[in-house]
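# Coordinates in review
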Amino acid sequence: MIYLDHAATTPMRPEVWEAMAPYASSVFGNSSGVHDVSRQAKNALEEARERVAAMLGARPMEIIFTSGGTESDNLALKGAFWSPRDRSGVVAVATEHEAILETVDFLRRSGSPTVLVDVDDEGFVDSDAVVDATDPNTAVVSVMLVNNETGLIQDVGAVVEAVKRSDSDIYVHTDAVQGFASEDIDVGALNVDMMTITAHKLGGPKGTGLLYVRDGIMLEPVLHGGGQELGRRSGTHDVAGAVGLARAMELAVADRERFRSQIGRIRDDFEKRLGAGIDDVVLNTPRFGRSSHHLNVRIPGIRNETLLMRLDQRGVAASAGSACQSGAATVSHVLEAMGLTPTQARESLRFSFGWTSTMDESIEAADIIVELVEKLR
Amino acid sequence: MKVLVAMSGGVDSSVAAALMKDEGHDVIGVTLKLWSGPDGQPPTAGCCTVSDAEDARRVAAELRIPYYVLDYVDDFRDGVVDHFVHDYASGLTPNPCIECNRTVKFDRLLRRLGDFDCEVLVTGHHARSREIDGVWHLLRGVDKAKDQSYVLSMLTQVELSATRFPVGELMKRDVRRIAADMGMRSAHKPESMDICFVGDGDYRGFLEEVAPDVFHPGPLVDTAGNEMGSHDGIVGFTVGQRRGLGVAVGEPRFVVRIDPESATVVLGSRDDLLVSGLELSNVIWTDGVGGTGDLMAQYRAHGDPVAASLAGSTLMFEEPQPAIAPGQTVAFYDGDRVLGGALITSTNL
């Protein structure tokens, strides 16, 4: 199988699994406890936290371990809405991940005045447009760093600056899930108040992630209970997960240069081959301001559902937007926000590269795609 | 052969997939996503729900065949649901399952076989098809009580040459035994009786929700034109209906005719329901040649065929038949062989 769906999830790096193993066997304790068994677990957890914080340029107590990107996104928005602060508005960009958009919709139904900011036809959001969408009641603004469907890199730094200049009390959150593998991420440099990261997009385990929350920000928890994570996120700690996340992040940081250069070259070469073999292929991923590992294209006249099935039959794994509960492909809201019609959205596919991608398999995949498109026409 | 099996999650299509795999074909299983419900939620009752797709997925996993869910929501809405609403508003009683076969399964899906690199489409319908001297025949399934050739009566040579019905060669009880032997969870699943987008059979409630403007009040009259009462929409009535009329006259009263222009519902006695003949449209001949003359006509999904004679687009019964609703389908037979079928546009009372 030639796997070109790293944006959906990634294979686990062997070192990560190795690092996690002791926590399934010998170091099994509940990190909240008095005895040595739990202390060992606690130490491992806090050590992982310190490593993660250092990588982000944050302080350890600003890291909340969660069950992944979706939970972190939920906590960032719901936590801000329900916090003791007297602000209830939520602003997000129309191309955000469903974990943000569905939460925004829920908060809207819960009484929050919510606003979704439009993007241009490449998918970029204008900082001024974001500021215009805010008002003195806005609690939080969310803008993702790298779009999971197209790989577009949003200028989060500029958005943060504009929003803070207009109203320094608005929290700015960024979903950095797709960006961590390739972009330099420092919460101080970006000046964001909250950031979502998940392990399984970085060669780490599924079911673990984090929310960076700047010191001083009050969030109402989403999960109430035993009061773990300084009361902000209850639930017995997934120590193995936290250790795996930390290791995965370290390996990802060490691999960033290669991601930008070598993986970027593989993606660019793949893009060239598709362009050479399919006359009318259209790029949904912008030409500039994009990650090194995503490629979203539209092939006129070919339904993505059909091509994905044929690719699967030939051993190539790719995807299109997101899938509904039954498994059928849906029309991408990201592409629709960029102005594509439902028909055009249904002709679009996403190819995404990752730490295991090689030039050879990418060339083979491109050839197969070109061949299948010819057959289908 | 590479074959595409349309899997609904039910026992028939599950066994159809298994039979094709046993015969050595390369099988790809698909479930058609047809309906999302008014609020985007998948249906939770009737056919093709999320749990049905889950049943189909499980069978596919057990059979170790690739399995995909295909999005036909737009085609289904435009081709089937919109027709359904329009037909009721026009005083007809539609059969959306036949419409779905006509437009989605054996048209849109069939035309994509090449895209999926498949040679034939396989379904779990209880029917049989045969090729004899280059001509494709469609026959009733061997289990007469479960025969579904009626809903396939619009198929012609083009469709029949590209479709297979493996399950129609077996008695239903044997189909269930095969499923049970294979450990299929669907072996004992009850058959779906509902229209897939009207889960609880409440088509009136469905229309109230998606097309409230098709309800126009009007008079209930007897066959002489005397007013007997009023109703709040012809869509709530179908020819032959006895219950829910809102009037009580001592003896049974049935809906005899519906006039959409004046929104009038005509009530009559059992005798008034008798129909001597039908006006037809969309006449299809299985062999593509057709003809006129005597044949057996079946105008209900599960009803005995009766002797009739066809001339052009008019079908005359040998004996008057009760309660036939315009909008329904009539299938023509010569013994077990399907000759063709047509839509009933009006009845000669």
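Residues numbered from 1 in each chain as written. Chains lettered and ligands numbered in written order. Predicted model: local features only at pLDDT ≥ 70, side-chain atom pairs only at ≥ 80, totals over all residues. Heavy atoms only, no water.

Once that is clear, we can look at the overall build of chain B. Looking only at helices and strands, one finds seven helices and 17 strands in chain B. A globule of 349 residues ought to have a C-alpha radius of gyration of about 20 Å, and chain B, at 21 Å, matches this closely. When the 349 residues of chain B are sorted by exposure, 53% land in the buried category. Nonlocal contacts in chain B, meaning residues at least 24 apart in sequence, comprise 64% of its contacts between residues at least 6 apart. (Helix = DSSP H or I, 4+ residues; strand = E, 2+ residues; numbered from the N terminus. Rg over C-alpha atoms; globule rule 2.2 N^0.38 Å. Buried < 20%, exposed > 50% of the residue type's maximum accessible area, 1.4 Å probe, protein only. Contact = heavy atoms within 4.5 Å.)

This part covers the overall build of chain A. Of the regular secondary structure elements, chain A holds twelve helices and twelve strands. Computed over the C-alpha atoms, the radius of gyration of chain A is 21 Å, within 12% of the 21 Å expected from 2.2 N^0.38 for a compact globule of 377 residues. With the principal axes as the frame, chain A shows a C-alpha extent of 65 × 50 × 40 Å. Within the span of chain A, comprising 377 residues, buried residues form 58% of the whole. Here the analysis covers contacts within chain A between residues at least 6 apart in sequence; of these, 74% occur between residues at least 24 apart. Accessible surface, chain A: about 14700 Å² in total, of which carbon and sulfur atoms supply 51%. Within chain A, one finds 36 positive and 55 negative side-chain charges whose respective centroids are separated by 3 Å. (Areas by Shrake-Rupley, 256 points an atom, 1.4 Å probe, with all protein chains shown as cover. Lys, Arg positive; Asp, Glu negative; His and termini not counted. Charge placed at Lys NZ, Arg CZ, Asp CG, Glu CD.)

A few words now on the packing of helix α9 (residues 304–313) of chain A against helix α12 (residues 359–376) of chain A. Residue and element names in this part refer to chain A. Two numbers describe how α9 lies on α12: the axes approach to 10 Å, and their chain directions differ by 125 degrees. With respect to each other, α9 and α12 are oriented oblique. α9 and α12 meet at a crossing whose hand is right-handed. Only Ile368, Ile369, Leu372, Val373, Lys375 and Leu376 of α12 make contact with α9, whose side of the interface consists of Thr306, Leu307, Arg310 and Leu311. (Axes fitted to C-alpha atoms, helices over the stretch in contact; angles between N-to-C directions. Parallel < 35°, antiparallel > 145°, perpendicular 65-115°, else oblique. Left-handed = near helix turned anticlockwise from the far one by under 90°.)

This part is about the sheet that holds strand β3 (residues 67–71) of chain B. A sheet is described by the order of its strands in space; here five strands give the open sequence β3-β2-β1-β4-β7 (chain B), paired in parallel fashion. The sheet terminates laterally at β3 and β7 (163–164) of chain B, the two strands that pair on one side only. Here three bridges tie strand β1 (residues 2–6) of chain B to strand β4 (residues 120–122) of chain B, and the two strands are oriented parallel to one another. From the neighbouring strand, Val3 of chain B faces β4 of chain B, where its bridge partner is Val120 of chain B. Across the sheet, α9 of chain A lies against β1, β2 (26–33) and β3 of chain B, angled at about 170 degrees from β3 of chain B, the strand it touches most. (Pairing = 2+ DSSP bridges.)

This part is about the interface of chain A and chain B. Across the contact, 15 residues belong to chain A and 18 residues belong to chain B. Where chain A meets chain B, there are three salt bridges. A salt bridge links Arg112 of chain B to Glu305 of chain A; the nearest nitrogen and oxygen atoms lie 2.8 Å apart. Joining chain A to chain B, the criterion identifies eight residue pairs in polar contact (both at pLDDT 80 or more). Ranked by residues supplied to the side of chain A that touches chain B, first place goes to α9 of chain A with six residues. Taken together, the residues of the side of chain A that touches chain B sort by class into five nonpolar, five polar and five charged. (Salt bridge = Lys/Arg side-chain N within 4 Å of Asp/Glu carboxyl O. Polar contact = N/O pair within 3.5 Å; in protein donor to acceptor, adjacent residues only side chain to side chain. Nonpolar A, V, L, I, M, F, W, Y, C, P; charged D, E, K, R; others polar.)

This part takes up the sheet that holds strand β10 (residues 294–298) of chain A. All names here are of chain A. One open sheet holds the three strands; their spatial order is β9-β10-β12, and the pairing between them is antiparallel. Of all strands in the sheet, those bounded by a partner on one side alone are β9 (282–283) and β12 (348–352). On top of the sheet, helix α8 (residues 239–277) reaches β9, β10 and β12; it is set at about 15 degrees to β10, its chief contact.

Before going further, it helps to examine the nonpolar core. Considering soluble globular proteins, one finds that nonpolar side chains tend to be buried as a cluster. Judged by nonpolar contacts, the single largest core of 89 residues is most densely connected at Leu56, Met195, Met249, Phe270, Leu274 and Phe351 of chain A. In terms of residues, this core owes the most to one element, α8 of chain A, which gives 15 residues. Setting aside residues no more than four positions away along its own chain, Phe270 of chain A makes contact with Leu4, Leu295, Phe351, Phe353, Ser362, Ala365, Ala366 and Ile369 of chain A. Leu109, Leu152, Ala162 and Val214 of chain B belong to the second largest nonpolar core, which has 60 residues in total. (Core = buried A, V, L, I, M, F, W, Y, C linked by side-chain atoms within 4.5 Å.)

Turning next to the pattern of salt bridges. Counted under the stated rule, the structure contains 52 salt bridges over all chains. The salt bridge partner of Asp193 of chain A is Arg214 of chain A, with a shortest N-O separation of 2.7 Å. Taken together, the residues span a long stretch of sequence, with Asp193 of chain A in the loop between α7 (187–190) and β7 (194–198) and Arg214 of chain A in the loop between β8 (209–213) and α8 at a distance of 21 residues. Given a relative accessible area of 3%, Asp193 of chain A falls into the buried group. Since its relative accessible area comes to 25%, Arg214 of chain A is described here as partly exposed. In this structure, the salt-bridge partner of Arg102 of chain B is Glu99 of chain B, at a minimum N-O distance of 3.4 Å.

Tallied over the entire structure, the rule returns 15 aromatic pairs over all chains. With a centroid separation of 5.1 Å and an interplanar angle of 65 degrees, the aromatic rings of Phe270 of chain A and Phe351 of chain A are classed as edge-to-face. Residue Phe270 of chain A is located in helix α8, and its partner Phe351 of chain A is located in strand β12; the two are separated by 81 residues in the primary sequence. Comparing Phe270 of chain A with Phe351 of chain A, the two get one shared label, buried. Their ring planes at 75 degrees and their centres at 5.6 Å tell us that Phe76 of chain B and Phe197 of chain B sit as a pair that is edge-to-face. (Phe/Tyr/Trp six-rings, centres within 6.5 Å; stacked < 30°, edge-to-face > 60°.)

With that settled, consider unusual backbone geometry. Positive phi values are uncommon outside glycine, yet Asn191 of chain A reaches one of about 65 degrees. Residue class for Asn191 of chain A comes out partly exposed when judged on its relative accessible area of 33%.

All names here are of chain A. Here His173 lies in strand β6 (residues 171–175). For His173, a relative accessible area of 0% corresponds to the buried category. Setting aside residues no more than four positions away along its own chain, His173 makes contact with Asp73, Ala76, Ile100, Val140, Val141, Ser142, Val143, Met194, Met195, Thr196 and Leu211.

Bringing the confidence of the model for chain B into the picture now. Mean pLDDT over chain B works out to 90, with 95% of the residues at or above the 70 mark. Interface confidence for the predicted complex, given as ipTM, is 0.83, next to a pTM of 0.88. (pLDDT = per-residue confidence, 0-100.)

To continue, consider the packing of α8 of chain A against α12 of chain A. Residue and element names in this part refer to chain A. At a minimum axis separation of 9 Å, α8 and α12 run at an interaxial angle of 20 degrees. With respect to their mutual orientation, α8 and α12 come out roughly parallel. The interaxial crossing formed by α8 with α12 has right-handed handedness. The segment α8 lies against α12, with Arg265, Ile266, Asp269, Phe270, Arg273, Leu274 and Gly277 engaging Met359, Ser362, Ile363, Ala365, Ala366, Ile369 and Val370. Of the residues in the contact of α8 with α12, the class split is nine nonpolar, two polar and three charged.

Our focus in this paragraph is the environment of Val265 of chain B. All names here are of chain B. Structurally, Val265 can be placed in strand β11 (residues 264–268). Among the residues examined, Val265 registers a relative accessible area of 0% and is labelled buried. Apart from the residues within four sequence positions on either side, Val265 is in contact with Pro219, Leu220, Val221, His231, Ile234, Phe237, Val255 and Arg257.

Bringing the environment of Leu210 of chain A into the picture now. Residues and elements named next belong to chain A. With respect to the helices, strands and loops of the structure, Leu210 is situated in strand β8. The exposure class assigned to Leu210 is buried, which follows from its relative accessible area of 0%. Separated by 187 residues in sequence, Leu210 and Tyr23 place their C-alpha atoms 19 Å apart. Discounting chain neighbours no more than four positions away, the residues touching Leu210 are Val52, Leu56, Ile63, Ile64, Phe65, Thr66, Ser72, Met195, Thr196, Ile197, Leu245 and Met249.

Next up on the list: the state of the cysteines. Residue and element names in this part refer to chain B. Using the criterion set out here, one finds zero disulfides over all chains in the structure. Of all cysteine sulfurs in the structure, the one in Cys196 sits closest to Cys100, which takes part in no disulfide; the separation is 6.3 Å. Looking at Cys100, the relative accessible area reads 5%, which means it is buried. Judged by its relative accessible area of 11%, Cys196 is buried. (Disulfide = S-S within 2.5 Å.)

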